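As a plain string of letters, each chain reads:
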Amino acid sequence: MKIKALSRSSSDYVRERAQDIHKVQKNLDPTVHPFEKAREYVRALNSVKTERMFAKPFLGSLSGHIDGVYSMVKHPHRLNSMISGSGDGEIRIWDISERESSWTVKAHKGIVHGLCPSPKDSKFLSCSADRTVKIWDQNEGTTPIHTYMGKYAFTGLSHHYTDPLFATSGNAVEIWDQNRSEPIQEFNWGADTTHTVKFNYTETNIFASCGTDRTIALYDLRTSQPISKVVMSMRTNAIAWNPMEAFIFTAANEDHNCYTFDMRRMESAVNVLKDHVSAVLDVDYSPTGEEIITGSYDRTLRLYNARQGHSKDVYHTRRMQRIFCVQFTMDSKYVLSGSDDGNIRLWRAHAAERMGIKSVRERAHLEYSAKLKERYSHMPEIRRIDKHRNLPQSIKKADRLKKQILGNRKKKEDNRIKHSAPGSIERQPERKKAIVGVAK
Amino acid sequence: MARKDEKNVEKGQEKKPKNTKYTRGIPVAYSNIKDKKLKSRIKKTESRFQDAAEKAEKLEMILPEEVGYLEAEGMEKTYNFRQEELAKNVDINTSKKIFNLDLKDFGPYSIDYTRNGRNLLIGGKKGHIAAFDWQTGKLGFELHVKETVRDVHWLHNETLLAAAQKKYVYIYDNRGLEIHRLKNHIEVNKLDFLPYHYLLASVGNAGYLKYQDTSTGQLVAEHRTKLGACHVMAQNPHNAVMHLGHGNGTVTLWSPSMTTPLVKMLCHKGPVQALAVDRGGNYMATSGLDGQLKIWDIRKYGVVQEYYTPTPASSLSISQMGLLAVGWGPHVSIWKDAFKTKQQSPYMVHHQPSSAVHDVHFVPYDDVLGLGHGKGISSMVVPGAGEPNYDSLEANVFQTKKQRQEMEVHSLLDKLQPHMITLDPTVVGKMDRASKDVISKERQEEYDEAHPKGPIQLRNKARGKNSSLKRFLRKKQHNVVDQRKLDAMAKLEKEKLIRVKRARGEVEEGEKPFTALDIFAGKKAKTN
């Protein structure tokens, strides 16, 4: 007789001392784990529910500005600082961790339209409707280091990443040397007024501007010539370069959408970010280049995955007015918005995320549930809960109306195609619809 | 090595994925997909799945235990080995698992083991209920309910149990304290518990299959089988479908969301006596009063093997590794590999002298078979019956109190809803492969049901027809007639008359219809 029966010795399976961790046995045989799919689904459902339950995006507001906040920029050297400019010409530096302003100056006589850091030193620049550009240093007190007098009101400002050059926008795009009081170059390509100018971080000599003639123009400093420009159906309000992909930028448009462009091929947008119900006024990339924050005239902020077309989250509060500037912080965990009502608001970039150090188990659990959510994201119940947001009535109504209008247009187009000779009318892709033409 | 793997992935479809027990479903063919993004995503996912299956297979090497076995040498036959002989040849730990409890007074006994196989619950027909850790012999509780106990069953862990008694089903805790009396379950013969759904299922003399959620206390479903009293029930552990055996020889399959059986199979020429389903959900064993023992493939609902028992088998059980235990009369025979090929002789036999076997149950994760019979309970060693390697997060054999509590919380969080019980448990999250027309038609039907067309039928509510007079008359005792009551009746009669006249349009001068403004009129005006 040959016999062997199961006989487990408890010493092999039970921990020796109370201080030890429990021994865990694994058997991956699927028959030991019945209903694995159904249980995974339930877990995904639970995690999506808890995520919505824990979603508390608003952290606090930084109040101090008397007029609306119209420009904001990250501090050149300090991670927890932001610089903001308001309508009454005041500039404040904010200590975000303390949520108070550490430095205040009455900088201009008009609205502060643009702020930008000077990357090589701890200075920053501001431009205003009072026709001046000023350089500031926080350590040097409340008097500007230098003031540049322009011929017209400035609308935007951007500094070169390596050289002591900066560009201003206004009636024309001008390039200034920090050491000279007059602009060294002037670009003018059709537009009466340009309202933004932005230098590329990587290809440092390239910059983009957008003007009232509904164009986005690209210029190269080395050739002192414009590269190309794209004319859109409505005007562009702001531009943000992707910090990780040098040739990609996103433009916030008046037609409620943002358009991501590849600067090498401007005939078609790479991505269209939809969902706002009013003009988008500002846009910013997260430092990873994976996320985009937009602020709009409809008084909401929207967070996008940079490669997707619809927002993954929307933030609003009752008292927040039109949003004129948005910024990601450099750890990509927070976003800030400056609005008409004179407050800067601090938000979480991921509404349900909790700060602080997470244990390994907690992290593993979060990763696991994120994966499950992704896997079962097509299930109706999960999608419904994940997408649900409570929005103000006005935005809901506007959204409904907008959807109806677009639906009617689509129906009309469908009918037109249906009743025409096949091939005579071509359907315009969404990425090309807003683009009128490209000039080189 | 890494380069070789990459090459395989690049080839994609060309590499035939190895089919192991860890592969789930058929891989998606992606070579014809036009969409580049989708194609690469599916390709990546598929390679990840395959990688996971391969790694799981490799992990088998480090599993600590192996399946038990009993082999005969030379002229020996395995079915000739008695338990006493086995006890001499196994280690002391295993030999302790062979025991007999003489409980002559209150039998026959029905038995049940917890999911980790540590705790045994016994219920004697004449009212004796006891629970204990059968390996250490530590008694949990013992009580006598002084009425018939037809079946006992553990709930999700060893802290709660259900007993089907003379009239109702009762829930007890691990100290024998009665916690609930389930008055909805009347004259229950068989109990079962679906651990992942937290459903207690019962069926009894009235032929109703009832599901009760033990976490919320709700009665989830009540199905009338219309097939008379039912004594035979078993769950399919693979998909949580309940199998009922009936007096007319049919076996019906039920889920809580359907009021009619999912499947009805005619299995025997006489009443069905016992039922068992294997854990993979592939095979079902049934026995009937016609003396047949049949093995069914429940994927195609066809009979696979037919065996004959000299006495009709009263109880069946299928072990985790696929051994089939058959209790017939005082005998128990255990069959090995009885599903796929027809066996000529049993693997093991056991005889319980002068006592009829009432209930047989294999112990999960152990090589032991428990018997409940007329004179008590017995436990016998059956090498090769149990799954050798348990998973601590599924059923922990060496569970501490803390772990039990943790697991209870987690299992409640992962509780499945009753409507998720279907014949195919993998249907969750799967794409509906029906054609577009079929799906749109289904949706339209669903929509129509939710939004009925045509004018809404309003209920004829007699609103405002109540009056203080009527109320007065109603409140008054019927057999007491006094002046006030007579007055009220007369007044009511008068009002009725006026109403009728008004309806006919024969209102007289003095009997103007009462309008809202008359409230403000003086008494004088009213009388005139």
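The rules behind the values
- Residues numbered from 1 in each chain as written.
- Chains lettered and ligands numbered in written order.
- Predicted model: local features only at pLDDT ≥ 70, side-chain atom pairs only at ≥ 80, totals over all residues.
- Heavy atoms only, no water.
- Helix = DSSP H or I, 4+ residues; strand = E, 2+ residues; numbered from the N terminus.
- Rg over C-alpha atoms; globule rule 2.2 N^0.38 Å.
- Buried < 20%, exposed > 50% of the residue type's maximum accessible area, 1.4 Å probe, protein only.
- Areas by Shrake-Rupley, 256 points an atom, 1.4 Å probe, with all protein chains shown as cover.
- Lys, Arg positive; Asp, Glu negative; His and termini not counted.
- Charge placed at Lys NZ, Arg CZ, Asp CG, Glu CD.
- Contact = heavy atoms within 4.5 Å.
- Axes fitted to C-alpha atoms, helices over the stretch in contact; angles between N-to-C directions.
- Parallel < 35°, antiparallel > 145°, perpendicular 65-115°, else oblique.
- Nonpolar A, V, L, I, M, F, W, Y, C, P; charged D, E, K, R; others polar.
- Patch = residues over 30% accessible without salt bridge, like charges linked within 9 Å, V, L, I, M, F, W, Y side chains within 5 Å.
- Salt bridge = Lys/Arg side-chain N within 4 Å of Asp/Glu carboxyl O.
- Domains from an automatic or database assignment.
- pLDDT = per-residue confidence, 0-100.
- UniProt positions renumbered as here; feature names shortened; annotations may be inferred.
- Pairing = 2+ DSSP bridges.
- Core = buried A, V, L, I, M, F, W, Y, C linked by side-chain atoms within 4.5 Å.
- Expected span 1.5 Å × (residues − 1).
- Buried area = accessible area lost by both parts, 1.4 Å probe.
- Polar contact = N/O pair within 3.5 Å; in protein donor to acceptor, adjacent residues only side chain to side chain.

**Observations concerning the overall build of chain B**
Here's step 1: Secondary structure summary: chain B contains nine helices and 29 strands in total.
Here's step 2: Rg of the C-alpha trace for chain B: 33 Å, well past the compact-globule value of 24 Å for 528 residues, more than 25% over.
Here's step 3: Overall, chain B is about 120 × 75 × 50 Å in size when its C-alpha atoms are taken along their principal axes.
Here's step 4: Per-residue burial over chain B gives 43% buried out of 528 residues.
Here's step 5: Just so you have it, chain B exposes about 30,600 Å², and 53% of that area is on carbon and sulfur atoms.
Here's step 6: Positive and negative side-chain charges in chain B, numbering 83 and 63 respectively, have mean positions lying 9 Å apart.

**Examining the overall build of chain A**
Here's step 1: Check the secondary structure of chain A and you find six helices and 30 strands.
Here's step 2: Within the span of chain A, comprising 440 residues, buried residues form 48% of the whole.
Here's step 3: Sequence-distant contacts in chain A: of pairs separated by 6 or more residues, those separated by 24 or more amount to 47%.
Here's step 4: Split by element, the accessible area of chain A, about 21,400 Å² in all, is 50% carbon and sulfur.

**Observations concerning the packing of helix α2 (residues 36–54) of chain A against helix α4 (residues 380–387) of chain A**
All names here are of chain A.
Here's step 1: Close contact between α2 and α4 brings their axes to 9 Å; oriented N to C, the two are set at 10°. Between α2 and α4, the angle is such that the two are roughly parallel. Only E381, I382, I385 and D386 of α4 make contact with α2, whose side of the interface consists of Y41, A44, L45, V48, K49, E51 and R52.
Here's step 2: Class assignment of the residues belonging to the contact of α2 with α4 gives a composition of six nonpolar, no polar and five charged.

**So, a nonpolar patch on the surface**
Here's step 1: On the surface, L28 of chain A together with L59, M61 and I62 of chain B cluster together to form a nonpolar patch covering roughly 430 Å² of accessible area.
Here's step 2: Mapped onto the elements of the fold, L28 of chain A is located in the loop between α1 (10–13) and α2.

**A closer look at the domain arrangement of chain B**
Here's step 1: Assigned domains of chain B: these are domain 1 (1–62), domain 2 (78–402) and domain 3 (468–521).
Here's step 2: Computed from C-alpha atoms alone, the centre-to-centre distance between domain 2 of chain B and domain 3 of chain B is 72 Å.

**Regarding the confidence of the model for chain B**
Here's step 1: Here chain B averages 89 in pLDDT, and 92% of its residues register 70 or above.
Here's step 2: Confidence drops under a pLDDT of 50 for residues 1–14 of chain B, and excluding neighbours within four residues, the segment shows eight contacts in the predicted structure.

**Considerations on the UniProt feature "repeat: WD" (unreviewed entry) in chain A**
All names here are of chain A.
Here's step 1: In this structure's numbering, the residues bearing the UniProt feature "repeat: WD" (unreviewed entry) are residues 62–104, 105–137, 273–314 and 316–357.
Here's step 2: The straight-line gap between the two end C-alpha atoms of residues 62–104 is 13 Å; of that span, 0% is helix and 58% is strand.
Here's step 3: Along residues 316–357 the backbone is 0% helical and 43% strand, and the end-to-end C-alpha distance reaches 28 Å.

**Re the pairing of strand β5 (residues 90–95) of chain A**
Side-chain direction in a regular strand flips from residue to residue, so the side chains alternate between the two faces of the sheet.
Residues and elements named next belong to chain A.
Here's step 1: Of all the six residues making up β5, six are buried; the element is thus mostly covered by neighbouring parts of the structure.
Here's step 2: Residues E90, R92 and W94 line one face of β5 and the alternating positions I91, I93 and D95 line the opposite face, and both faces are buried.
Here's step 3: Two strands pair when backbone bridges link them, and strand β4 (residues 81–86) and β5 are joined in this way by five bridges, in the antiparallel orientation. Looking at β5, one finds that S84 is bridged to R92.
Here's step 4: Counted between consecutive antiparallel strands, the loop separating β5 from strand β6 (residues 100–106) contains four residues, among which R99 sits at a positive phi close to 55°.

**Considering the pairing of strand β23 (residues 315–318) of chain B**
Residues and elements named next belong to chain B.
Here's step 1: Residues S315 and S317 point to one face of β23 and L316 and I318 to the other, with burial holding for every one of them.
Here's step 2: Here β23 runs beside strand β24 (residues 324–328); their pairing, made up of four bridges, is antiparallel. What sits directly across from L316, in β24, is V326.
Here's step 3: Hairpin connection of β23 to β24: five residues between the antiparallel strands, including G322 at a positive phi of 95°.

**Considering the nonpolar core**
Here's step 1: Grouped together as the largest cluster of nonpolar side chains are 44 residues, with contacts concentrated most on Y41 and I382 of chain A together with L209, Y211 and M284 of chain B.
Here's step 2: For this core, the element with the highest residue contribution is α2 of chain A, accounting for six residues.
Here's step 3: With residues near it in sequence (within four places) discarded, L209 of chain B still touches A201, S202, V203, A221, E222, H223, M233, M242, L244 and W254 of chain B.

**A few points about the UniProt feature "repeat: WD" (unreviewed entry) in chain B**
Here's step 1: According to UniProt, the "repeat: WD" (unreviewed entry) feature falls on residues 265–306 of chain B.
Here's step 2: Spanning residues 265–306 of chain B, this segment combines 0% helix with 60% strand, and its end C-alpha atoms are found 16 Å apart.

**Some points on helix α8 (residues 483–504) of chain B**
Think of an α-helix as 3.6 residues a turn; residues three or four steps apart then line up on the same face.
Here's step 1: The end-to-end C-alpha distance of α8 of chain B is 32 Å, a good match for the 32 Å that 22 residues give at a rise of 1.5 Å each.
Here's step 2: At the exit of α8 of chain B stands G505 of chain B, carrying a positive phi of roughly 85°.

**Considerations on the sheet that holds strand β20 (residues 248–253) of chain A**
Residues and elements named next belong to chain A.
Here's step 1: On the basis of which strands lie adjacent, the open sheet formed by four strands has the order β19-β20-β21-β22 and antiparallel pairing. The sheet is open, and its two edges are formed by β19 (236–241) and β22 (271–273), each paired on a single side. For this sheet the average axis-to-axis angle between neighbouring strands, irrespective of direction, equals 20°.
Here's step 2: The pairing of β19 with β20 spans five bridges and is antiparallel. Across the sheet, the residue bridging to I239 is A251, located in β20.

**A look at the interface of chain B and chain A**
Here's step 1: Taken together, the contacts link 63 residues of chain B with 38 residues of chain A.
Here's step 2: Summing both partners gives a buried area of about 4,600 Å² for chain B against chain A, and 55% of it is carried by carbon and sulfur.
Here's step 3: Counting the surface chain B buries against chain A, the share from its top three residues, D391, F398 and D414 of chain B, is 12%.
Here's step 4: Linking chain B with chain A are five salt bridges.
Here's step 5: For R39 of chain A, the salt bridge identified is with E394 of chain B, shortest N-O distance 3.0 Å.
Here's step 6: The tally of links from chain B across to chain A stands at 28 residue pairs in polar contact (both at pLDDT 80 or more).
Here's step 7: Broken down by secondary-structure element, the contributors of at least two residues to the side of chain B that touches chain A are α2 (36–59), β1 (69–71), α3 (83–89), α4 (92–95) and α5 (401–413) of chain B.

**Looking at the sheet that holds strand β20 (residues 283–288) of chain B**
Residues and elements named next belong to chain B.
Here's step 1: Read from one edge of the open sheet, four strands run β19-β20-β21-β22, paired in antiparallel fashion. Two strands bound the open sheet, and with one partner strand each, they are β19 (272–277) and β22 (302–308). Taking the axes of each pair of neighbouring strands and ignoring which way they run, one obtains an average angle of 20° across the sheet.
Here's step 2: With five bridges connecting them, β20 and strand β21 (residues 292–297) associate as antiparallel partners. Directly across from Y283, in β21, lies its bridge partner D297.

**Let's talk about the environment of V203 of chain B**
Here's step 1: Here V203 of chain B shows up in strand β12 (residues 199–204).
Here's step 2: With residues near it in sequence (within four places) discarded, V203 of chain B still touches V188, N189, K190, Y208, L209, C230, M233 and L244 of chain B.

**Concerning the side chain of N343 of chain A**
All names here are of chain A.
Here's step 1: As for its position among the elements, N343 is in strand β29 (residues 343–348).
Here's step 2: Among the residues examined, N343 registers a relative accessible area of 16% and is labelled buried.
Here's step 3: Leaving out residues up to four positions away in the same chain, N343 has contacts with S61, L62, S63, V69, S337 and G338.

**With respect to the packing of α2 of chain A against helix α3 (residues 360–375) of chain A**
All names here are of chain A.
Here's step 1: Running from amino to carboxyl end, α2 crosses α3 at an angle of 105°, the nearest separation of the two axes being 8 Å. Comparing the axis directions of α2 and α3 gives the class roughly perpendicular. Note on element contacts: α3 touches α2 through Y368, S369, L372, K373 and R375, opposite E40, R43, A44, S47, V48 and E51.

**Some points on unusual backbone geometry**
Here's step 1: With an omega of -5°, the peptide bond between G107 of chain B and P108 of chain B qualifies as cis.
Here's step 2: Counting through the fold element by element, P108 of chain B comes out in the loop between β2 (99–102) and β3 (109–113).
Here's step 3: Positive phi values are uncommon outside glycine, yet R214 of chain A reaches one of about 65°.
Here's step 4: In this fold, R214 of chain A is placed in the loop between β16 (206–211) and β17 (215–220).

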